[in-house]
Number of protein chains: 2
Amino acid sequence: MRDVSRLAGVSTMTVSRVLADPELVSEETRSRVLAAIEQLGYLPNRIAGSLSSQRTNFVTAILPTLTNVNFADTAQGLTEALRAADYQLLIGYTTYRIEEEERLIRAMLPRRPDAIVVAGTVHTKAASQLLLRADVPVVEIWETPAHPINHAVGFSNYEAGRAAARYLLSLGHRHIAAVGPSTTGEARDFRGEDRLAGFAAVLREAGIGGGLVVQHGDVPASFDHGARALGVLLDRAPDVEAVFAVSDLSAVGVLMECHRRGIRVPQDLSLVGFGDFDIGRQVVPALTTIRVDAHLIGQRTGELLVTLLDEAAAGAEPAVVDVGFSLVERGTTAPAAPRRRSRRDH
Amino acid sequence: MRDVSRLAGVSTMTVSRVLADPELVSEETRSRVLAAIEQLGYLPNRIAGSLSSQRTNFVTAILPTLTNVNFADTAQGLTEALRAADYQLLIGYTTYRIEEEERLIRAMLPRRPDAIVVAGTVHTKAASQLLLRADVPVVEIWETPAHPINHAVGFSNYEAGRAAARYLLSLGHRHIAAVGPSTTGEARDFRGEDRLAGFAAVLREAGIGGGLVVQHGDVPASFDHGARALGVLLDRAPDVEAVFAVSDLSAVGVLMECHRRGIRVPQDLSLVGFGDFDIGRQVVPALTTIRVDAHLIGQRTGELLVTLLDEAAAGAEPAVVDVGFSLVERGTTAPAAPRRRSRRDH
DNA sequence: CTGAAAGCGCTTACAG
DNA sequence: CTGAAAGCGCTTACAG
């Protein structure tokens, strides 16, 4: 910048203005400065700028993984919404471990992000403290907590699970099960657990008992998880007629395992997934699922942050944005009665 | 930091040392400083540290998208390899546009990354200039260019395409086609195009003509792309007996469309994908594909950078690391002769 | 419309 | 083992 100012015959202050507020500088001076910038190939140093202005234009996003299309979509939505306001995303992966989340928060805070986005509402005690004390906006995403740390953008996983159960009941099914990964490992999918809890609650309310939940294998759920979980489930309950899988990945795994075992879907088994992944539309039959707009979660979060950071609104009200979910009925579910008869006769 | 030094009764220099090189400080002073840090909840400001030390410990990675498991795996591998050395990844998405890549490079350079990772070897002229002039290591990934800007970690997409063609020829197929997305849009997958070029070259060398390449639909390839491309292909060449898809996503789309149309795989059609995505192992039959270790590309890149940045080895030799690829034979491919007969008789 | 001064919070390079 | 001084490259807040 010194070099540019000397070449243009102005102060560094004027160079800084040309870059930040060009309209404050006379046209003649401005073009002289721009020419000098061009000639020297000058690139401003935003580290210095950040230190001076006390704003980094960084936003930190801490997600379970990027190897899940839903979270990748959220990251992409966030990136797009923040780009216009010139914010750069710093992404960290927890691999579904809250200890790792705490480590990441500690590693990120010294970079002085202008805002912090974390997936989920379950944190270590220390992480919660750090987030509460951070003097920047915090947004918890992929849930709608009753008591957010600050802001939240998501939907109710519990209600999504309830919706899946109500739907399978409405089809007339009674031997209903759910599959998800284990809840005893270090890696935990608390949002998935919420969905299964809501699912089981509806079954209990219907007097069916919500105990038929196979929790098996490591987080995160995968195609392979679904395939193996079906085996465990059938050993335990050969007469199961409907399954809710905690994720479309599991659900597709269940479906493929059904193909291999000669179990007809939906004639012998109704199947509901969660997440509306691309693959669910392509498999045969296409997968019934609960759709969540992951990209929108990212976008809304980005928009919320741009507003909060723009208006320097220190006193902004904590907001909880619910983007909702919807049940998408496709080919893997069917009413109960005809199926059970055909299966028993078989 | 001032507050900490006052509370501990030392200079800020000593506080800095406790954080950076604890062993240089006497145990007694150190514990006094650590107590003060604890008591005040002090978090160092790395922006100031970066400005002062002229090292940010940022590495910029510019990828086509994160919505593709392969690139997400690469990002995860990079993150893991860099974490140990305390580097933070700044990720940008180009959505397969080199103009967007240039924009991202311009946006990232003022953040003063210690190294730059870009996917691919095709850049705008201005982007190439910026990368050449950047006085930090540059690594091009997912290709093995003959003339890298600096370093490279990847494999030969052209050779991968050749391997697919040689394999289908070895099965006895002669009516062979390939499907990939369009090459005329703004978004381009140059690596996919290289694979198709290698594929077509082998067919030409075998005297078969390499013209049966369906390039249809927007980049990136998807399940949906594959499903639609098969329709276009069958209109053009109803007697096709083997297909190479530029990506497993397309390949699975082709497979599902075959299911819907009653085309038997592999009896009526042999199918080879690329990328070895999880879903390819789960579909029925399981997908024959070309496997690339995307995570390893990220890991090797990270290791290379840690070495380069550690030894302050300004004079380090440009390295090109080839992680290779391998053909994984599964259920979607079969020898030609029996199939053609059965199909004709049908 | 333009500039001189001070300072952001660290680390480098010395000195003792 | 510890500290005083200088400086990293910008922006803020004034002043003119």
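The structure displayed is predicted, hence computed values, not measured ones.

1. Things to note about the UniProt feature "domain: HTH lacI-type" (unreviewed entry) in chain A
Under the feature "domain: HTH lacI-type" (unreviewed entry), the UniProt entry names residues 1-53 of chain A. In the segment residues 1-53 of chain A, helix accounts for 72% and strand for 0%; the C-alpha atoms at its two ends are 16 Å apart.

2. What to know about the packing of helix α2 (residues 12-20) of chain B against helix α3 (residues 27-40) of chain B
Residue and element names in this part refer to chain B. The geometry of α2 relative to α3 is characterised by a closest axis approach of 10 Å and an angle of 90° between their N-to-C directions. When the axis of α2 is compared with that of α3, the two are roughly perpendicular. Between α2, through Thr14, Val15, Val18 and Leu19, and α3, the contact on the second element is made entirely by Thr29, Arg30, Val33, Leu34 and Ile37. A breakdown of the residues in the contact of α2 with α3 according to their chemical character gives six nonpolar, two polar and one charged.

3. Quick look at the protein's contact with DNA strand C
Every one of the 22 residues lining DNA strand C counts as a neighbour, but Arg17 and Thr29 of chain A together with Met1, Ser16 and Ser52 of chain B are closest to it. Sugar and phosphate atoms constitute 63% of the interface atoms of DNA strand C, taking the interface as everything within 4 Å of the protein. At a separation of 2.4 Å, a base oxygen of DNA strand C approaches a polar side-chain atom of Arg17 of chain A. Backbone polar atom of Ala48 of chain B to a base nitrogen of DNA strand C: 3.3 Å apart, as the coordinates give it. Counting only elements with at least two residues in the surface near DNA strand C, the list comes to α2 (12-20) and α4 (46-53) of chain A together with α2 and α4 (46-53) of chain B.

4. As for the interface of chain B and chain A
On the chain A side, the residues contacting the 48 residues of chain B number 48 residues. For the pairing of chain B and chain A, the buried interface totals around 4500 Å² over both sides, and the portion due to carbon and sulfur atoms is 61%. In this assembly, chain B and chain A are joined by two salt bridges. At the boundary of chain B with chain A, the tally comes to 22 residue pairs in polar contact (both at pLDDT 80 or more). Of all the elements in the fold, those that place two or more residues in the side of chain B that touches chain A are α4, α5 (69-83), β2 (88-93), α6 (98-108), α10 (223-236), α11 (248-261) and α12 (278-282) of chain B. Among the elements that make up the side of chain B that touches chain A, the one with the highest residue count is α5 of chain B (seven residues). Residue classes in the side of chain B that touches chain A are distributed as 24 nonpolar, 13 polar and eleven charged.

5. Observations concerning empty space enclosed by the protein
Any empty space left between atoms is shown by rolling a water-sized probe over those atoms. Residue and element names in this part refer to chain A. Summed over all chains, the structure comprises seven cavities of 30 Å³ or more. Taken as a whole, the largest cavity holds about 210 Å³ of empty space. Lining the largest cavity are 16 residues, with Asn68, Tyr96, Asp189, Arg195 and Ser247 positioned closest to its centre. Elements represented by at least two residues in the lining of the largest cavity include exactly α5 (69-83) and α9 (190-205). Residues of the lining of the largest cavity, tallied by class, amount to ten nonpolar, three polar and three charged. Here the lining of the largest cavity spans two domains, since at least three of its residues come from each of domain 2 (55-155 + 293-315) and domain 3 (157-291 + 328-345). Here the second largest cavity defines a volume of roughly 120 Å³.

What counts as what
- Residues numbered from 1 in each chain as written.
- Chains lettered and ligands numbered in written order.
- Predicted model: local features only at pLDDT ≥ 70, side-chain atom pairs only at ≥ 80, totals over all residues.
- Heavy atoms only, no water.
- UniProt positions renumbered as here; feature names shortened; annotations may be inferred.
- Helix = DSSP H or I, 4+ residues; strand = E, 2+ residues; numbered from the N terminus.
- Axes fitted to C-alpha atoms, helices over the stretch in contact; angles between N-to-C directions.
- Parallel < 35°, antiparallel > 145°, perpendicular 65-115°, else oblique.
- Contact = heavy atoms within 4.5 Å.
- Nonpolar A, V, L, I, M, F, W, Y, C, P; charged D, E, K, R; others polar.
- Near = heavy atom within 4 Å.
- Polar contact = N/O pair within 3.5 Å; in protein donor to acceptor, adjacent residues only side chain to side chain.
- Buried area = accessible area lost by both parts, 1.4 Å probe.
- Salt bridge = Lys/Arg side-chain N within 4 Å of Asp/Glu carboxyl O.
- 1 Å grid on protein atoms, 1.4 Å probe; cavity = no way out; pocket = protein on both sides within 12 Å on 5 of 7 lines; lining within 4 Å.
- Points joined across faces, edges and corners; volume = space filled by probe spheres on them.
- Domains from an automatic or database assignment.

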